[in-house]
Amino acid sequence: MESATNLREALNVLKKSSPQAVEVERPDRSRDILKKYLYIETSIERDFRKRLESIESGQIIFLCGSSGDGKSAILTRYSNEYAHKANFHLDATHSSAPHQDAITTLDQIFNDAKKSSRPLVIGINIGMMGNYAEGGSEENDTIKSSMRAHLNNESTPANHIYLDFERYPKFVFGDNGQFSEFAKALMMRLTMIGNNPFRDLLEQDKHSKNDPRLTVNFNLLALESVQDVLIETLLKSRLVKDQFMTARSLLDFIHQLLTGEGYLFDNLFAGADNELCQRIKLFDPSSLRTKHIDQFILQFGLGLVNAEFEEFRTYLAAFGITEINSPASYIRLFFLLRYDQFGNNFHHSFTGDFSDELINMYAKFWSLHTQYDGIKDSQIDLQKNFYNKILLAAIHNYMNRNAGTLKKGQYFIGEYNGYQLAAPLEVKVDFEAIQNDCYDKIGYFNAYLKVSGKQLPALPVNINLLELMIKLTQGYRPNKHDKNTIVILDEVVDRITDFANKSGILLITNGIAQYEVSDQGNDMFSVSGV
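All of the points below concern the structure found in this document. These numbers were taken from a predicted model, which means no experiment stands behind them.

### Things to note about the side chain of D353
Next, step 1: By the secondary structure assignment, D353 is in the loop between α17 (327-336) and α18 (357-370).
Next, step 2: Put simply, D353 is tucked away with no salt bridge, and the nearest opposite charge, on R289, sits 9.2 Å away.
Next, step 3: At a separation of 3.2 Å, a polar atom in the side chain of D353 contacts the side chain of H292.
Next, step 4: In contact with D353, other than residues within four places in its own chain, are L288, T290, H292 and I293.

What follows is the structure, encoded as structure tokens:
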């Protein structure tokens, strides 16, 4: 790769199909100059190195994760340097001989490790770990049991050290918004000024006026505000579409943004051959229907552009953006630059159209749950803004959607012969369970309720369920498109209905009158409302 003659050729190192995409041991690694320049040390690598420095006889370090996470990149980085301290097996999906499969190879490696008592370091996919836990040799039952325990989040033997990429989240919610340390560091390193081989090639291309669109895309990516928008968009695909981001998919994503056929803002939503791009195209801002955006599209189509927009276009031309022919491309550009001070800031008039309050709201409730410490202000915030306004209101509206006359605290049970049956229940927030919850992955947070003093199982709230619950509080009726999300709420509703069925008070209503039957014990009942 040191022979790259222009920026486009150099950026091929990011492609998922490039020879550098899969890490293997090579006798001469000096050829990977560009890849080495882009290498970002992550928190899991720092922990791996600490463990490696103190590794002892009989210990096994399992570096585990999904394909493309970067296990091999870390292992190849340290395998030679620490070869005197431990044996390394870089990829547990590989066999060491034609007549062996991966499981047989692992059996042999674990047996050899037991005989030699030398520490062992192994890179293994989570799927392969599950396969070995079920199909490995009985001689290694201790290791198989350990793997099962790790997969089930149970305690493992002290000499088995698991470093799992799944437990090092790619995204975090911070005080200053959403953040991905790895993605941010990678984009900054790729575009930084000074001692950057990619910058050197960019300057060479600019001087020769070679590939001007790639030059514009690179300069757009160099804007920190653009990097923040990209990270927010990646996070949205993670939360809404459950799209995981690996190191390999992120590198290929950046390659697609820079080298695609269009400008970066169009490439972002073009749905190229990349799993992240495929998800992100669903969030194309040009498909938003707001009055402001619709007016812009209509005026653009009629050629009714105003002076402020014309002035903005002169700034774009100075930046090198000269070939935008559709209003959709302009909307995407406004979206990408929404945090940036650019020209006369005409694009800022659209910032409100791109506001994503749902993600901000989810981030707030996620933080309140995962960082809850019992402080009164946090308790009030949770009680008032999430449980009362959203969760309890949504459950009440959903359970009573066919019984509109039921009041607050009354929950529908069923309807018989034109009469609706319900029961009054005390449903409260379980703050103790929230405080004791240790879950902190970004995909969801656990909400806890008590019904009549008894705890319900945790309700996992992801961003889709939060959105649905907000809509329920506004009178929305779920339909078949909500079935994957509403099933989570149905489980809670079923449990509350069980409590209602066992209640000592039964409410009977026909929509006009309401009667209350109360169990007094000893087969005695009191009836009121007659």
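Continuing now.
### Quick look at the sheet that holds strand β15 (residues 514-521)
Next, step 1: Strand order in the open sheet formed by 5 strands is β7-β8-β14-β15-β16, with antiparallel pairing between adjacent strands. Two strands in the sheet have a free side with no partner beyond their single neighbour: β7 (410-416) and β16 (524-528). Between one strand axis and the next, the sheet turns by 25° as a mean value, whatever way the strands run.

### Remarks on a nonpolar patch on the surface
Next, step 1: Among the surface-exposed residues, L298, L302 and L304 lie close enough to one another that they form a single nonpolar patch of about 330 Å² accessible area.
Next, step 2: One can find L304 in the loop between α15 (291-301) and α16 (307-319).
Next, step 3: The class of L304 is exposed, set by a relative accessible area of 52%.

### Describing the packing of helix α3 (residues 43-53) against helix α4 (residues 71-79)
Packed helices, taken two at a time, are described by the angle their axes make and the gap between the axes.
Next, step 1: It is the contact of α3 with α4, at a shortest axis distance of 11 Å, that shows an interaxial angle of 35°. The chirality of how α3 crosses α4 is right-handed. From α3, I44, E45, F48, R49 and L52 reach across to α4, where they touch I74, L75, R77 and Y78.
Next, step 2: Within the contact of α3 with α4, the residues separate by chemical class into 6 nonpolar, no polar and 3 charged.

### Quick word on the packing of aromatic side chains
Next, step 1: According to the stated counting rule, one finds 32 aromatic pairs in the structure shown.
Next, step 2: On the numbers, 4.8 Å between centres and 85° between planes, the contact of F386 with Y387 is edge-to-face. Note on accessibility: F386 and Y387 belong to one class, buried.
Next, step 3: Chaining the aromatic ring pairs together yields one cluster made of F296, F300, F309, F312, F319, Y330, F334, F342, F346 and F350.
Next, step 4: The ring centre of F335 lies 4.4 Å from the NZ or CZ of R338, which sits over that ring.
Next, step 5: Its end group placed over the ring of Y398, R401 keeps NZ or CZ at 4.1 Å from the ring centre.

### Examining the pattern of salt bridges
Next, step 1: Within the structure shown, the criterion is met by 22 salt bridges.
Next, step 2: Note that R238 and D242 form a salt bridge whose closest N and O atoms lie 2.7 Å from each other.
Next, step 3: R238 gets classed as buried once you look at its relative accessible area, which sits at 12%.
Next, step 4: Between R332 and D266 there is a salt bridge whose closest N-O contact spans 2.8 Å. Separated by 66 residues along the polypeptide, R332 in helix α17 and D266 in helix α13 (residues 264-267) bring together distant segments of the chain. Across the pair, D266 and R332 agree in class, each one buried.
Next, step 5: Through salt bridges with shared partners, a single ionic network connects E41, R46, R49 and E181.

How each quantity is defined
Residues numbered from 1 in each chain as written. Predicted model: local features only at pLDDT ≥ 70, side-chain atom pairs only at ≥ 80, totals over all residues. Heavy atoms only, no water. Helix = DSSP H or I, 4+ residues; strand = E, 2+ residues; numbered from the N terminus. Buried < 20%, exposed > 50% of the residue type's maximum accessible area, 1.4 Å probe, protein only. Lys, Arg positive; Asp, Glu negative; His and termini not counted. Salt bridge = Lys/Arg side-chain N within 4 Å of Asp/Glu carboxyl O. Polar contact = N/O pair within 3.5 Å; in protein donor to acceptor, adjacent residues only side chain to side chain. Contact = heavy atoms within 4.5 Å. Pairing = 2+ DSSP bridges. Axes fitted to C-alpha atoms, helices over the stretch in contact; angles between N-to-C directions. Patch = residues over 30% accessible without salt bridge, like charges linked within 9 Å, V, L, I, M, F, W, Y side chains within 5 Å. Areas by Shrake-Rupley, 256 points an atom, 1.4 Å probe, with all protein chains shown as cover. Left-handed = near helix turned anticlockwise from the far one by under 90°. Nonpolar A, V, L, I, M, F, W, Y, C, P; charged D, E, K, R; others polar. Phe/Tyr/Trp six-rings, centres within 6.5 Å; stacked < 30°, edge-to-face > 60°. Lys NZ or Arg CZ within 6 Å of the ring centre and 35° of its normal.

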